[in-house]
Structures are given as C-alpha cells and as structure tokens.
Amino acid sequence: MEIQDKDVKKLLETYKEISLLEKIKATLDWDLNVNMPPKGVHGRAAQSTLLTKLVTEKWLDQAFKESVEQIKTDSLSAEEKAIVRNIRQLGNFYFKVPKEIILEKSEVTTQAFVVWSTAKKNNDFKLFVPHLTKIVDLDRSIADHLGFEKNKYDALLNLYEPGLTTEFVENIFTPLQKELSEYISLVRSTPQFAKEYAPAKVYSSRSQRKLSKYLMHLLHYSHEEGRLDVSAHPFTTTLDRYDVRITTKYFKHDFRSNYSATIHEVGHALYELGVNPDYSFTPLEGGVSLGIHESQSRFWENMVGRSALFSEFLSPAFQSLFSDYSLTSEYLVHSLNQIRPDLIRIEADEVTYNLHIILRYEIERDLINQKIEVQDIPAVWNEKMTKYLLVTPITDSEGCLQDVHWSYGSFGYFPTYSLGNLYAAQFTHTMRKSIDFDSCLRKGELQPVLDWLRKNIHIHGGLYLPHELVQKVTGEKLNPQYFIDYIREKYNSIYNLS
Ligand code: MG
C-alpha cells in the first residue's frame, strides 16, 4: 500500500502512536491476566490508566481532530479513503462525547464491576440497581451525543459493528428466534435428546495442553508468532502484527471447554495474523469489526471443531492422548453437540446460543429507548427465558446478573456474537463452492481452508465495512437462512430427524 496524500500521511503519524500505545497496553493486560501476582494489581491499574489517558489525549489533540474533520477525500485512493473513514469512526467517540462523560463512565464502571461481582455472588440485583441505572443513563446520553437517524440504540451498535442498525438486527433476529425456538421444541421430543454424553474421567492439564498444541499445529497457528497460556477467561490479544497470543482454561473432568476455547481463540488469532502486513499501524490493521472477528472464531470452533468429519479424524488422537478408548468419533460428535436449553450463555450449545443473545439485545434496545427501566430487568429476563428457551432462572445470579458486560457499560456489544455465528454459516456456504471442505475435515488437512479465509477475508483487514465485506465475499447481504439451514442439516442427522 502506498500512501500518496500528504494529509493522510500526517494523520497516520499520529495514528501510529495511538496504535503503539494500544499495543503496549495490550501487553500489560496480557501480563495481568496470565502472569501477574495478585499484589501487583494496583500498580498495574495505575500504569494502564496512564496509557488510556495518553491515548485519549492523542485523539483529542486539536490539530489532529481538525485535520480528521477537514480532510478532503474526493481524490484519495480506496485505501486512503478507508483510512480516513476508519479514523473518523474510531475518533467519533472522542470527538462527539464530552470528555467529562467519558471520564465519568470510566469511574462509574470501575466501581460497578466490583459491585456486580458481589451482587452476582450474593444473588442481590438490588445492590446493582443504582450502579446500572447510572451506566444506562450515561449510555443514553452517549448515544445522544454520537447521534443516530432512527433509533437511539443504533449509535451504540455502531461502536462495535460500523453501519449496523436496530432495524437490520430486528429483521434478522425476529425470524431467527422463532425458527430456533421451534427447532428446540422439536429436538426435545426426540429419544436422542434424553441421552447424556458428559465426559466423566480425569483429563490431566498436561494431556489437554498437548491436545491444544496439536490443534494449533493442525490449524497452522505458529509458535513463531503466537503463544498458548492459561487464564481465568480464554482470550486472544494482539501485541503486534507478528505476535498474537491466545489463552485457554483446563477443566479436570471435561476436555470440551479447553478443546473449544483453543480452537475458538486460534480462529481469532489467525484472522489478526492474516491481515495485509502493509496495513500495520494504520486503522486498516486487525479485523474489521467484532461481528466479523467472531465469525472467524466461531467458524473454526463450530463448522470445523464440532463437525462429525473432524471428530472422526481426531478420535484416535483423543484416545491416545487421554488413554481413553471410549472417545470414539461417535462419542465425540455427540458430546460436542448436545442441545441443552439452559440458563447460562457461555455454556450454551450452537443452537440455543443465539436465543441468549436475542434476549439480551431486546432488553438493551428497550432500556436505551426508555421503554423499560433497570428495576424491570429481572422480570423481563425471566419472562423471555421462559418463552424462548423454556427454562426459568430461580436466582438472578443465574439470570440477569450472569454476564459482566453491562457493568462495563458495553451496551450494543452482545448482538455481534450472533452476527458472528450467522456470518460464519454464510461464509462456509460460499467456501464450499470453491474448495472440498468435507475432504479437508476428513483428512485434517486445513491449509486450503485457511488459504480461502486468508484470501477472501483476512487479507482485507479493515478495508471494507462489515456489510460490504459480506457482500463482496458471498455476493449478498447477511442472510440468516444459511445459519438455519446449517443447523437443520447438522442436527437433523445427530438427532435422527428427517
Ligand atoms: Mg470470541
């Protein structure tokens, strides 16, 4: 990529410093989650706060802000235009939301996180109410400052998935909810549904780590530019274009959590590592949006890792690593794909998962638009759980207090998880037209799969908006029917439905 325009060059000088500061912060955060002794926490918080302050100051620099706002884009190249568009998108938050509100939100959410942990532990939603009320008020005000055309919630959705609107999400989620709830009722009526495939032996961390390393090898995630460590919640972080690290977590009596987490996080890492190196230190680096990022992790986790053909390929490795000859391919495919309508989102299977997201989306949309208030959440939550998943939480800890996201004030984030699942199914459908996907899974030869993703998705980084990328790759806009077809075909076979 060659940048000709001198104004764009100038913008990129500041952006490069922002990008470097963000990566220094990512390094500190990685260390905090992976290595740090508990007493280091206060010092680390001060270090991170300073970096956040430096980044904010860079964005708010008057000369930088003016050149971002005034730059003429007519004669720019496509890449230069995308650079300006992305800087405007990222800078929007700093330019439009008053600094006092940004600082207040940072303070309020730091406190709210601690209160949320206590409230969840003690099943005490009332304790969380004043804090969450403050956060919702701030996010309503942030949405007003950011501006929106039709729905106030659009302003928040755009922070995570540029160009996304409530209307678009609604048109996808409404039919999806109906389809999935009906399909779950159908599955519940099968004899297969009552069967349990829960692992019950001891699976040592050592063997689980060996399995993870083997998966990393199969997925072509190299030690030269990555690492595998352990943390409380698995994550992926980019410390540099050539240093993208993942973490996992080992449960002694169940290999499934580590298996899925490793593949999921490798999926995120491969995306970051596949972006055009020319885009480093520009706003085209990294993935295009949270939704597209999640499509990459969910593709590897579900379409590859939970497929019958890949289970068949992996079964001998499972048997020898764990010295457990009951881990046949049939056992693996059933244990990795049990449909279990239940209360907790992060433990949800592929079929019920999106219903957890749709419920959260509907609550967020109504909260931000003042159709409901914070004290209404538990009742609305339980009613929707019962309607969509046929299960009702007894406590708020296993209901509306289960996720950390609202304590951070991340309203608008949840829908990107479902978009990721839907994009993944649509991409897979397109991929199947040009490579023999089943044969790759059967042989465990995944290079053609990675090559396809690299060429069609990864390489572009943030060059296109998410909906433009989907159109470019698949020839149409996001269409939930691909996900519905994928679910029906796969689970009809597992649950002996015709
Ligand atoms: Mg993810």
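Details of the structure are given in the entry above.
Attention in this report is confined to the structure presented alongside it. Values in this document were obtained by computation on a predicted structure and should not be read as measured data. For every chain, the first residue of the written sequence is number 1, and numbering continues from 1 onward in sequence order. In view of the model being predicted, local features appear only for residues whose pLDDT reaches at least 70, and side-chain atom pairs are presented and counted only at 80 or more, with totals across whole chains, interfaces and linings using the full set of residues. For side-chain calculations, the full set of non-hydrogen atoms in the structure is used, while hydrogens and water are omitted.

Next up on the list: the pattern of salt bridges. Salt bridge, as used here, is a side-chain nitrogen of Lys or Arg placed within 4 Å of a carboxyl oxygen of Asp or Glu. Throughout the structure, instances matching the rule amount to 28 salt bridges. Among the salt bridges present, the one from Asp229 reaches Arg227, with a minimum N-O distance of 2.9 Å. According to the relative accessible area criterion, Asp229 is buried, its value standing at 11%. Per-residue accessibility, obtained with a 1.4 Å probe over protein chains only, is compared with the maximum for each type, and a residue is labelled buried under 20%, exposed over 50%, and partly exposed between these values. Its relative accessible area of 38% is what places Arg227 among the partly exposed residues.

Our focus in this paragraph is a nonpolar patch on the surface. Side chains of Phe113, Val114 and Tyr408 sit close together on the surface and give an oily, nonpolar patch of about 290 Å² of accessible area. Numbering goes from the N terminus for both helices and strands, where a helix is a DSSP run of H or I of at least four residues and a strand is a run of E of at least two. Topologically, Val114 is positioned in helix H5 (residues 99–121). On the accessibility criterion, Val114 (52% relative accessible area) is exposed. Like charges are joined within 9 Å and nonpolar side chains (Val, Leu, Ile, Met, Phe, Trp, Tyr) within 5 Å, but only among residues with over 30% relative accessible area and no salt bridge; these make up the patches. Only the protein chains shown count as cover for residues, and all accessible areas are computed by the Shrake-Rupley method using a 1.4 Å probe.

Okay, the packing of aromatic side chains next. A pair of Phe, Tyr and Trp rings is counted when the ring centres sit within 6.5 Å of each other, with Trp represented by its six-membered ring. The angle between the planes then sorts it: under 30 degrees is stacked, over 60 is edge-to-face, the rest tilted. On inspection of all chains with the given rule, the structure shows 28 aromatic pairs. Taking the centre distance of 5.1 Å and the plane angle of 80° together, the rings of Tyr203 and Phe255 count as edge-to-face. Of this pair, Tyr203 sits in the loop between helix H8 (166–188) and helix H9 (205–218) while Phe255 sits in the loop between strand E3 (243–248) and helix H10 (256–274), and the two are 52 residues apart along the sequence. Here Tyr203 and Phe255 have matching classes, each one buried. Centroid distance Tyr423 to Phe427: 6.3 Å. Interplanar angle 20°. Geometry classified as stacked. Of the two residues, Tyr423 and Phe427 both sit in helix H17 (residues 415–434), four residues apart, roughly one turn of that helix. Put simply, the rings of Tyr160, Tyr353, Trp381, Trp406, Phe411, Tyr413, Phe414 and Tyr417 pair up and form one aromatic cluster. The lysine or arginine in question, Arg245, covers the ring of Trp30, its NZ or CZ lying 4.4 Å from the ring centre. Criterion for a charge above a ring: Arg CZ or Lys NZ at most 6 Å from the ring centre, at most 35 degrees from the ring normal. For Arg298, the ring lying beneath its charged end belongs to Tyr353, and the centroid distance is 4.7 Å.

Note that Asn337 resides in the loop between helix H13 (329–336) and helix H14 (350–368). Nitrogen and oxygen atoms within 3.5 Å of one another constitute a polar contact, given that in protein one can donate a hydrogen and the other can accept it, and given that sequence-neighbouring residues count only through two side-chain atoms. There is a polar contact of 2.8 Å between the side chain of Asn337 and the backbone oxygen of Val333. For Asn337, the side chain forms a polar contact with the side chain of Tyr491, separated by 3.1 Å. Leave out the neighbours within four places in its chain, and Asn337 touches Arg306, Glu350, Lys490, Tyr491, Ile494 and Tyr495. Contacts are assigned to residue pairs with any non-hydrogen atoms lying within 4.5 Å of each other.

With that out of the way, let us pick up the coordination of the magnesium ion. Only N, O and S atoms count as donors, using a 2.8 Å limit from the metal and a wider 3.2 Å limit for Na, K and Ca, and since water is excluded some coordination spheres may look unfilled. Coordination of the magnesium ion by the protein involves His264 (NE2), His268 (NE2) and Glu294 (OE), with metal-donor separations of 2.3 to 2.4 Å. Look at where the donors of the magnesium ion fall in the sequence and you get H-x3-H-x25-E. In this pair, His268 is assigned in helix H10 and Glu294 in helix H11 (residues 290–304), connecting sequence segments 26 residues apart. For Glu294, a relative accessible area of 10% puts it in the buried group.

Okay, unusual backbone geometry next. Despite not being glycine, Asn123 has its phi angle at roughly 50°, a positive value. Mapped onto the fold, Asn123 is located in the loop between H5 and helix H6 (125–146). Residue classification places Asn123 among the partly exposed positions, given a relative accessible area of 33%. Phi is positive for Asn496, close to 50°, though the residue is something other than glycine. Relative to the assigned elements, Asn496 resides in the segment after helix H21 (481–494). Residue classification places Asn496 among the exposed residues on the basis of a relative accessible area of 63%.

Turning our eyes to something else, we now look at the packing of helix H1 (residues 6–34) against helix H4 (residues 78–96). Fitted lines through C-alpha atoms serve as axes, helices being fitted only where they are in contact, and the angles separating the N-to-C directions of these axes extend from 0 to 180 degrees. Viewed as axis vectors pointing N to C, H1 and H4 meet at an angle of 45°, and their least axial separation amounts to 11 Å. In terms of their interaxial angle, H1 and H4 are classed as oblique. Crossing of H1 against H4: the hand is left-handed. Two secondary-structure elements touch here, H1 through Val8, Leu11, Leu12 and Tyr15 and H4 through Glu80, Ile83, Val84, Ile87 and Leu90. Amino acid classes used here: Ala, Val, Leu, Ile, Met, Phe, Trp, Tyr, Cys and Pro are nonpolar; Asp, Glu, Lys and Arg are charged; the rest, including Gly, are polar. For the contact of H1 with H4, the class distribution of residues is eight nonpolar, no polar and one charged. For classification purposes, an angle smaller than 35 degrees is called roughly parallel, one larger than 145 roughly antiparallel, one from 65 to 115 roughly perpendicular, and anything else oblique. Rotating anticlockwise by less than a right angle from the far helix to the near helix defines a left-handed crossing, while the corresponding clockwise rotation defines a right-handed one.

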